[in-house]
Amino acid sequence: GQSLEQPSEVTAVEGAIVQINCTYQTSGFYGLSWYQQHDGGAPTFLSYNALDGLEETGRFSSFLSRSDSYGYLLLQELQMKDSASYFCAVSLFSGSARQLTFGSGTQLTVLP
Amino acid sequence: GAVVSQHPSRVICKSGTSVKIECRSLDFQATTMFWYRQFPKQSLMLMATSNEGSKATYEQGVEKDKFLINHASLTLSTLTVTSAHPEDSSFYICSASTGTGGETQYFGPGTRLLVL
């Protein structure tokens, strides 16, 4: 089976930097994705890492270490609108498309 | 690009009735669609994987006779919750993938189902 662990809650202030960690145990691992979900909304894709290292997309960066089965999402220059749930998800092969298994989510609260 | 729509966005029904949810990829062909269920304050749980023209693959614990999935075309998949009960009340979300090995799943806006 697959399991992912991430903190349930993180709180930070506007302008700060926050890191959300994710550790996983899985077979057939292809990569690690991060999704953002606001209350009542659908998940939106943030980033994907298939190889070790850091991927940067604007204020958000994501890191993967395959040997450590570990990754993190780094959010810089936090804004109030970043308050949301953040899910890491591992990609598993399923037929012609990669199946996703989601972590339990981290609720990020950004304070003024 | 890569827009996925779901209809309806919200539905309230009586216990024992069936509810159909549509998932459409609007600007791309989705060889594979996924159906998830999310209870409040919880993660997305994969229910089934649907490939166009073939039977859906259900996750362990998901009743295929209760959650009927039809992926009739490359742009449409439907989920029918048959004989819905209050415990089926949840947020149902579909996602679509081009199936070309790309890592991104594009999610629909979700359907909130309330069974009375």
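Visitor: Please clarify how the overall build of chain A should be interpreted in this entry.
Guide: When you go through chain A residue by residue, the secondary structure sums to 0 helices and 11 strands. Ordered by position from the N terminus, the helices and strands of chain A form the series β-β-β-β-β-β-β-β-β-β-β. Against the 2.2 N^0.38 benchmark of 13 Å for 112 residues, chain A shows a C-alpha radius of gyration of 14 Å, consistent with a compact globule. Burial statistics for chain A: of 112 residues in total, 51% are counted as buried. Considering only contacts in chain A between residues 6 or more positions apart, those separated by 24 or more positions represent 57%. Entry remark: accessible area of chain A is about 5100 Å², with carbon and sulfur atoms responsible for 48%. When the 4 basic and 10 acidic side-chain charges of chain A are each reduced to a single mean position, those positions are 9 Å apart.

Visitor: I tried to follow the sheet that holds strand S7 (residues 67–73) of chain B on my own but got confused; where do I start?
Guide: Strands pair in a sheet through their backbones, by hydrogen bonds, and they do so in one of two ways: parallel or antiparallel. Residues and elements named next belong to chain B. Spatial ordering of the open sheet is given by S1-S3-S8-S7, a layout of 4 strands whose pairing is antiparallel. At either margin of the open sheet sits one strand with a lone partner, and together these are strand S1 (4–7) and S7. Ignoring which end each strand starts from, the neighbouring axes of this sheet average 15° apart. Bridge count between S1 and strand S3 (residues 19–25): 4 bridges; the pairing is antiparallel.

Visitor: Honestly, the interface of chain A and chain B in this entry has me stumped. Any pointers?
Guide: The partner chain B presents 26 residues to the 20 residues of chain A that form the contact. For the pair chain A and chain B, the summed buried area comes to about 1600 Å², and 51% of that belongs to carbon and sulfur atoms. Joining chain A to chain B, the criterion identifies 0 salt bridges. Contributions of two or more residues to the side of chain A that touches chain B are made by strand S4 (29–37), strand S5 (44–49), strand S9 (84–94) and strand S10 (97–102) of chain A. In terms of residue count, the dominant contributor to the side of chain A that touches chain B is S10 of chain A (5 residues). Of the residues contributing to the side of chain A that touches chain B, the split by class is 9 nonpolar, 10 polar and 1 charged.

Visitor: Even after reading the chapter, I still don't get the confidence of the model for chain B, so can you show me in this structure?
Guide: Any segment with low pLDDT has predicted coordinates that should not be analysed in fine detail. When the pLDDT values of chain B are averaged, the result is 90; 95% of them are 70 or greater. Across chain B, element-level confidence peaks in strand S11 (residues 111–115) of chain B with a mean pLDDT of 97 and bottoms out in strand S10 (residues 106–107) of chain B with 90.

Visitor: How do you make sense of the state of the cysteines when you look at a structure like this?
Guide: Throughout this description, disulfide means a covalent bond between two cysteine sulfur atoms. Residue and element names in this part refer to chain A. One pass over the structure, following the stated rule, counts 2 disulfides over all chains. Covalently, Cys 22 is tied to Cys 88 through a disulfide, its sulfur atoms 2.1 Å apart. On the sign convention where negative is left-handed, the bridge of Cys 22 and Cys 88, at about 75° about the S-S bond, is right-handed. Pair noted here: Cys 22 is in strand S3 (residues 18–25) and Cys 88 is in strand S9, with a separation of 66 residues, a long-range link.

Visitor: Explain the side chain of Ser 95 of chain B to me, please; I cannot follow it from the model alone.
Guide: Residues and elements named next belong to chain B. Along the chain, Ser 95 turns up in strand S9 (residues 90–97). Of note is the side chain of Ser 95, whose polar atom sits 2.6 Å from the side chain of Gln 105. Residues in contact with Ser 95, not counting those within four places in the same chain, are Thr 32, Met 33, Phe 34, Tyr 36, Gln 105, Tyr 106 and Phe 107.

Visitor: Is there a simple way to explain the side chain of Thr 82 of chain B in this structure?
Guide: All names here are of chain B. Along the chain, Thr 82 falls in the loop between strand S8 (76–81) and S9. Under the relative-accessibility criterion, Thr 82 is labelled buried at 19%. For Thr 82, the residues in contact, after removing those within four places along its chain, are Thr 17, Ser 18, Asp 65, Lys 66 and Leu 68.

How each quantity is defined
- Throughout this document, residue positions are counted from 1 along each chain, in the order its sequence is written.
- In the order they appear in the text, chains get letters beginning with A and ligands get numbers beginning with 1.
- Side-chain atom pairs in this predicted model are given and counted only at pLDDT of 80 or more, local residue features only at pLDDT of at least 70, and totals for whole chains, interfaces and linings cover all residues.
- Working from all heavy atoms in the structure, the side-chain values ignore hydrogens and water.
- The way it works is that DSSP assigns letters per residue, a run of H or I at least four long becomes a helix, a run of E at least two long becomes a strand, and they are numbered from the N terminus.
- The globule rule used here is 2.2 Å times the number of residues to the 0.38 power, and the radius of gyration it is set against is calculated over C-alpha atoms.
- Burial here depends on accessible area, computed with a 1.4 Å probe over protein chains only, as a share of the maximum for the residue type. Under 20% is buried, over 50% is exposed, and the range in between is partly exposed.
- Residue contacts are counted whenever heavy atoms from the two residues lie within 4.5 Å of one another.
- A 1.4 Å probe and the Shrake-Rupley method give the accessible areas. Residues count as covered only by the protein chains that appear here.
- Under this rule, positive means Lys or Arg and negative means Asp or Glu; His and the chain ends count for nothing.
- Charged groups are reduced to one reference atom each: NZ for lysine, CZ for arginine, CG for aspartic acid, CD for glutamic acid.
- The pairing criterion is simple: DSSP has to find at least two bridges between the two strands.
- Every axis corresponds to a line fitted to the C-alpha atoms, with the helix fit spanning only the stretch in contact, and the corresponding angles, defined between N-to-C directions, vary from 0 to 180 degrees.
- Accessible area that two parts lose when put together, evaluated with a 1.4 Å probe and summed over both, is termed the buried area.
- By definition here, a salt bridge exists when the distance from a side-chain nitrogen of Lys or Arg to a carboxyl oxygen of Asp or Glu is within 4 Å.
- Any residue outside Ala, Val, Leu, Ile, Met, Phe, Trp, Tyr, Cys, Pro, Asp, Glu, Lys and Arg is labelled polar, Gly included; the first ten of those are nonpolar and the last four are charged.
- The predictor rates its confidence in each residue with pLDDT, a number between 0 and 100.
- Disulfides are defined as pairs of cysteine sulfur atoms found within 2.5 Å of each other.
- N or O atoms within 3.5 Å of each other form a polar contact, as long as, within protein, one can give a hydrogen and the other can take it, and as long as residues adjacent in sequence are counted only when both atoms are side-chain atoms.

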